[in-house]
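Letter by letter, the chains look like this.
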Amino acid sequence: MHYSRFDTSEVTGMKRRYRGPSRFMYLCAFVLVLGVMLTFLNIYQLHKMREEHSIHQASSALVEGKPEDRTGSIVWIHGKNLQTGYLQHVFNVFEQSGFTTGDQTDEWHVLWAHDYPFKELSQLMSHLKPYQKVNHFPGSGFITNKVSLVTSKMNFIPMAFKLPKDKDHFLSYSRSHPQMMWVQKNNNHRGIHIKSAAELDMKKEGSFIQQYVDKPFLIDGHKFDIGIYTILTSINPLRVYIVEDDALFRFCPEEYYPFDPNILDKYVVHDDYLPLWKIRSLHALYSEKGFNFKVTFNEYLKSKGLPYKKVWADMIAAIQAVYLSKEHNLMETASKYPSTNNFFEMVRFDFVLDEKLNVYLMEANMSPNLSSKHFPPNKRLYEHVIFTLLSLVGLTQHLSREHLDFEEDMRVAATDIRVYPDMCSTSTCTESCVPAECKLCRKCVTRALEKVLKLAYLEHHRRGAARRVFPPAINETQAKLWDPSTDWPGTEELSDRNRLMYRWFIGKCRMDQTYCV
């Protein structure tokens, strides 16, 4: 038999070929596992970057539109009969701030709605993108609705009764105050006449009866009201500002005395009111010396030896009280929306004074008149108010385009919001976030709270002519002597979020006196 020779080199080669693919497979498996790990790591980093970006985006001093598009921001100005020009000053300020006008079909960044947008545009309001801003807050009608406001039972609001619901209560009250005169109003503020209780229509649905302030403070014989422009930037926690350096003064066209309730021009301020510069005692300072409305009024009171500072302090206290009383309504309504960071609002509070300079709040206007058609000199006031509003909420940064490429941390970093270094260095705060004095230390500040504090920081630094009225002004000396382990006096009844916001401003006041006011 013929036996072929067995070649051991072939076996060796086979083994070598067998071992070769095994190493390759191990190498492939290693590379695959490494790739998966790197992929998960990249996904985690991307998620973290997106999360960080959302915080920076919300606290941005700009309305940037889509993050990748920092130019050409669009404002959608929504209202009826815009061709009449009643919002021309709104158009002017947005244009000067670098915006172009568009409509709902555009990728808009700001919606300025003249009317309350949460009914007509309800679907849109529920699906706002993080960078879109709207000039009304959900639930703001609880403040600007006349019936809701005047029946709030506050001592600076003249006594009022809803009809027909409060008819019996009103009749009982009027019998015990037989000399008191009344006005019957509804939400459109038309057809106001002073009447006795016997002359009122007790069956009129949707109306209210309000006590008439029958001894008003007069200047040159004319009754007047004072309009304070108020800006709401946050509801939880609450942050409220006013345009501090000026206000609107409107005088009744006819002198108040001899009084005649049938002549409305004696006691009702309407669209054709008498402007301040036509009041003899005020004309020179405003028209000839060039001072604004507020300074002119203050100088008049000073010349009479009257306490003008108290008048403004009382009006500010009234504004604070209104927002605090309606805070729960605002939060409840806003809870139906994904975020409240999309909203801001400007409201004009109208006050009258009695002969003793007591302050009475008459109404709060959701969309106050901003047209200077009747009175061209009002142009400066209206555009100043609009610009102050837009600056405060970060919508005028387009004026400084050279800064658009800066990272958000260049505007406000986490280090900028730190407060109470002495407290946060103690062992108590190092070990725990439970004590009140530790809640604003670095380890205790959540991402959500960090975002809130960054927004408050930015508002403070871009407030311009705006003044914070809630949280209110803080006495610097008192702030430095205060023990942070206790509640700041008067804050015991505030919500937790409002107390913490207040505490932060106190902490900043201790470090920088500009935060005190």
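Structure: above.
Here the structure is a predicted model, which is why all the values come from computation and not from measurement.

We now examine the state of the cysteines. Overall, the coordinates contain four disulfides when judged by the stated rule. Covalent S-S linkage joins Cys433 and Cys444, the inter-sulfur distance amounting to 2.0 Å. Note on the Cys433 and Cys444 pair: the S-S dihedral is about -90°, so by sign convention the disulfide is left-handed. Taken together, the residues Cys433 in the loop between helix H13 (427–431) and helix H14 (447–461) and Cys444 in the loop between H13 and H14 connect sequence positions 11 residues apart. In this model Cys509 forms its disulfide with Cys516; the gap between the sulfur atoms is 2.0 Å.

So, about the packing of aromatic side chains. Evaluated as defined, the whole model comprises 36 aromatic pairs. Ring geometry for Phe217 versus Phe224: centroids 6.2 Å apart, planes at 80°, classification edge-to-face. You'll find Phe217 and Phe224 in the same group, each marked buried. With centroids separated by 6.3 Å and ring planes inclined at 20°, the aromatic side chains of Trp277 and Phe293 adopt a geometry described as stacked. Of this pair, Trp277 sits in the loop between strand S12 (274–275) and helix H8 (280–288) while Phe293 sits in helix H9 (residues 293–303), and the two are 16 residues apart along the sequence. A relative accessible area of 15% means that Trp277 is categorised as buried. Judged by its relative accessible area of 4%, Phe293 falls in the buried class. Sitting above the plane of the Phe161 ring, Lys153 keeps its charged end 5.1 Å from the centroid.

Right, let's get into the pairing of strand S8 (residues 208–211). Consecutive side chains of a regular strand alternate in pointing toward one face of the sheet and then the other. Note that strand S5 (residues 160–162) and S8 share three bridges and pair antiparallel. Bridging across to S8, Lys162 finds its partner in Phe208. By the bridge criterion, four bridges tie strand S6 (residues 182–185) to S8 in an arrangement that is antiparallel. If you follow Val183 over to S8, its bridge partner there is Gln210.

Axis separation between H8 and H9 bottoms out at 9 Å; the angle between their running directions is 130°. With respect to H9, the element H8 is oriented oblique. Read as a crossing pair, H8 and H9 show a hand that is right-handed. Across the interface between the two elements, Ser281, Leu282, Leu285 and Tyr286 of H8 pack against Phe293, Val295, Thr296, Glu299 and Tyr300 of H9. When its residues are assigned to classes, the contact of H8 with H9 shows six nonpolar, two polar and one charged.

This brings us to helix H2 (residues 88–96). Among the residues making up H2, those that are buried are His89, Val90, Val93 and Phe94. Down the axis of H2, the smallest arc covering the buried residues is 135°, so these residues share one side. Every exposed residue of H2 that faces more than 90 degrees away from the buried side is listed here: Glu95 and Gln96. Residues of H2 that are buried sit in contact with strand S1 (74–78), strand S3 (110–113) and helix H11 (379–392). Looking one or two residues past H2, Gly98 carries a phi angle of roughly 95°, positive in sign.

We now examine the sheet that holds S1. Picture the strands of a sheet paired through backbone hydrogen bonds; they go either parallel or antiparallel. Within the open sheet, the four strands sit side by side as S2-S1-S3-S4. Their pairing is parallel. Only two strands of the sheet have a single partner each, and these edge strands are strand S2 (100–102) and strand S4 (133–134). The pairing of S3 with S4 spans two bridges and is parallel. Looking at the pairing, Val110 lines up with Lys133 of S4. Across the sheet, H2 lies against S1, S2 and S3, angled at about 175° from S1, the strand it touches most.

Cut-offs applied
- Residues numbered from 1 in each chain as written.
- Predicted model: local features only at pLDDT ≥ 70, side-chain atom pairs only at ≥ 80, totals over all residues.
- Heavy atoms only, no water.
- Disulfide = S-S within 2.5 Å.
- Helix = DSSP H or I, 4+ residues; strand = E, 2+ residues; numbered from the N terminus.
- Phe/Tyr/Trp six-rings, centres within 6.5 Å; stacked < 30°, edge-to-face > 60°.
- Buried < 20%, exposed > 50% of the residue type's maximum accessible area, 1.4 Å probe, protein only.
- Lys NZ or Arg CZ within 6 Å of the ring centre and 35° of its normal.
- Pairing = 2+ DSSP bridges.
- Axes fitted to C-alpha atoms, helices over the stretch in contact; angles between N-to-C directions.
- Parallel < 35°, antiparallel > 145°, perpendicular 65-115°, else oblique.
- Left-handed = near helix turned anticlockwise from the far one by under 90°.
- Contact = heavy atoms within 4.5 Å.
- Nonpolar A, V, L, I, M, F, W, Y, C, P; charged D, E, K, R; others polar.
- Arc of directions from axis to C-beta.

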